[in-house]
Amino acid sequence: MAKINMRTAWERQMLIRDKTRPTIHDYLPLIFEDFYELHGDRGVGDDGAILGGIGRLNGRPVTVIAEVKGRNIEENKASNFAMPHPEGYRKALRLAKQAEKFHRPVICFIDTPGAFCGVEAEKRGQGEAIARNLAEFMALKTPVVSVVLGEGGSGGALALGVCDALAMLENALYSVISPRGAASILWKDASLEQEACEVLHITAEDMVEFGVAEAIISESDTDAVNDLDKISENLKEYLVKTISEKCEKDIDLLLKERYTKFRKIGVFSEAR
């Protein structure tokens, strides 16, 4: 029987922000073979907040796109603290379209507090870049599977979250806005972020219940945290199984199911 995660949303928030938590750089060599990184959006430059390239998953060629978190100040500066610029999202889209051309499945790893909201990012079209990813990924004629590794914040996460199947690590969070941002807007007090974290309903269990995510990936067989080997093993098992299932489907059916998946999110009935 799978263990039940008793951590609160706030406890998970603290856990996924811990500097010892594994990042995509830890997972890559344990899940994929022959990974080769590709760079740049062919317009502005290469965004260190998004890593992309080609590798093999259990022998199958795949395109990997991932948001990058750092563990120290140097790594965080190189990845802009996991907050992508528009050129990062355009790089992701370039690699996704390349995968479509060569019939490779796309695997996205989400781990960001949100897209960078600086003036220069806005000048270069941050909103347009995210919106274009949403539209293009929805119609991408190849399987797309996304996994939330830690933080899944706002449009910065959703730009890599349009997919055929979304999974979350058991301690990951997926939210329309950061708890601090929600507290600032709703209550005009950023110090209430812990309360906001609980009322937003942003845990993996919440997302499966809401129909936003399809699967929760266990991080450990015990209460241990940051168990890299176990998480990597579980991640790989899920990805191999899910990619295989999606690749067997007719592409028109896959696109129809992808469309339906997102159309039903947020649907509710109102009692009179």
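(A) Looking closely at the overall build of the protein chain. Scanning the protein chain from N- to C-terminus turns up twelve helices and eight strands. For a compact globule of 272 residues, the expected C-alpha radius of gyration is about 19 Å, and the protein chain comes in at 18 Å, within 12% of that figure. Along the three orthogonal principal directions, the C-alpha set of the protein chain runs to about 50 × 50 × 50 Å. Here the protein chain holds 272 residues, and 50% of them are scored as buried. Partitioning the intrachain contacts of the protein chain with sequence separation of at least 6 by distance along the chain shows that 73% fall at a separation of at least 24. Carbon together with sulfur atoms contributes 56% to the accessible area of the protein chain, which is approximately 13,200 Å² in total.

(B) Examining the pairing of strand β4 (residues 106-112) more closely. Along β4, seven of the seven residues are buried, which leaves the element largely enclosed by surrounding structure. On β4, burial covers both faces: Val-106, Cys-108, Ile-110 and Thr-112 on one face and Ile-107, Phe-109 and Asp-111 on the other are all buried. As paired elements, strand β3 (residues 60-67) and β4 share four bridges and run parallel to each other. Paired with Ala-66 across the two strands is Phe-109, which belongs to β4.

(C) Examining a nonpolar patch on the surface more closely. Residues Ile-185, Leu-186, Trp-187 and Val-199 make up a contiguous nonpolar surface patch of roughly 420 Å² in combined accessible area. Considering the arrangement of structural elements, one finds Ile-185 in helix α8 (residues 179-186). Residue Ile-185 is classed as exposed on the basis of its relative accessible area, which comes to 53%.

(D) Spotlight on the packing of helix α2 (residues 24-31) against helix α11 (residues 228-247). Two elements in contact, α2 and α11, have axes whose closest approach is 10 Å; the angle formed by their N-to-C orientations is 60 degrees. The pairing of α2 with α11 is recorded here as oblique in orientation. As for the relative orientation of α2 and α11, their crossing is right-handed in sense. On α11, the residues that touch Asp-26, Tyr-27, Leu-30 and Ile-31 of α2 are Leu-228, Asp-229, Ile-231, Ser-232, Leu-235, Lys-236 and Leu-239. The residue makeup of the contact of α2 with α11, split by class, is seven nonpolar, one polar and three charged.

(E) View of the environment of Glu-237. In this structure, Glu-237 sits in helix α11. Sequence separation between Glu-237 and Ile-31 is 206 residues; the distance between their C-alpha atoms is 9.1 Å.

About the criteria used
- Residues numbered from 1 in each chain as written.
- Predicted model: local features only at pLDDT ≥ 70, side-chain atom pairs only at ≥ 80, totals over all residues.
- Heavy atoms only, no water.
- Helix = DSSP H or I, 4+ residues; strand = E, 2+ residues; numbered from the N terminus.
- Rg over C-alpha atoms; globule rule 2.2 N^0.38 Å.
- Buried < 20%, exposed > 50% of the residue type's maximum accessible area, 1.4 Å probe, protein only.
- Contact = heavy atoms within 4.5 Å.
- Areas by Shrake-Rupley, 256 points an atom, 1.4 Å probe, with all protein chains shown as cover.
- Pairing = 2+ DSSP bridges.
- Patch = residues over 30% accessible without salt bridge, like charges linked within 9 Å, V, L, I, M, F, W, Y side chains within 5 Å.
- Salt bridge = Lys/Arg side-chain N within 4 Å of Asp/Glu carboxyl O.
- Axes fitted to C-alpha atoms, helices over the stretch in contact; angles between N-to-C directions.
- Parallel < 35°, antiparallel > 145°, perpendicular 65-115°, else oblique.
- Left-handed = near helix turned anticlockwise from the far one by under 90°.
- Nonpolar A, V, L, I, M, F, W, Y, C, P; charged D, E, K, R; others polar.

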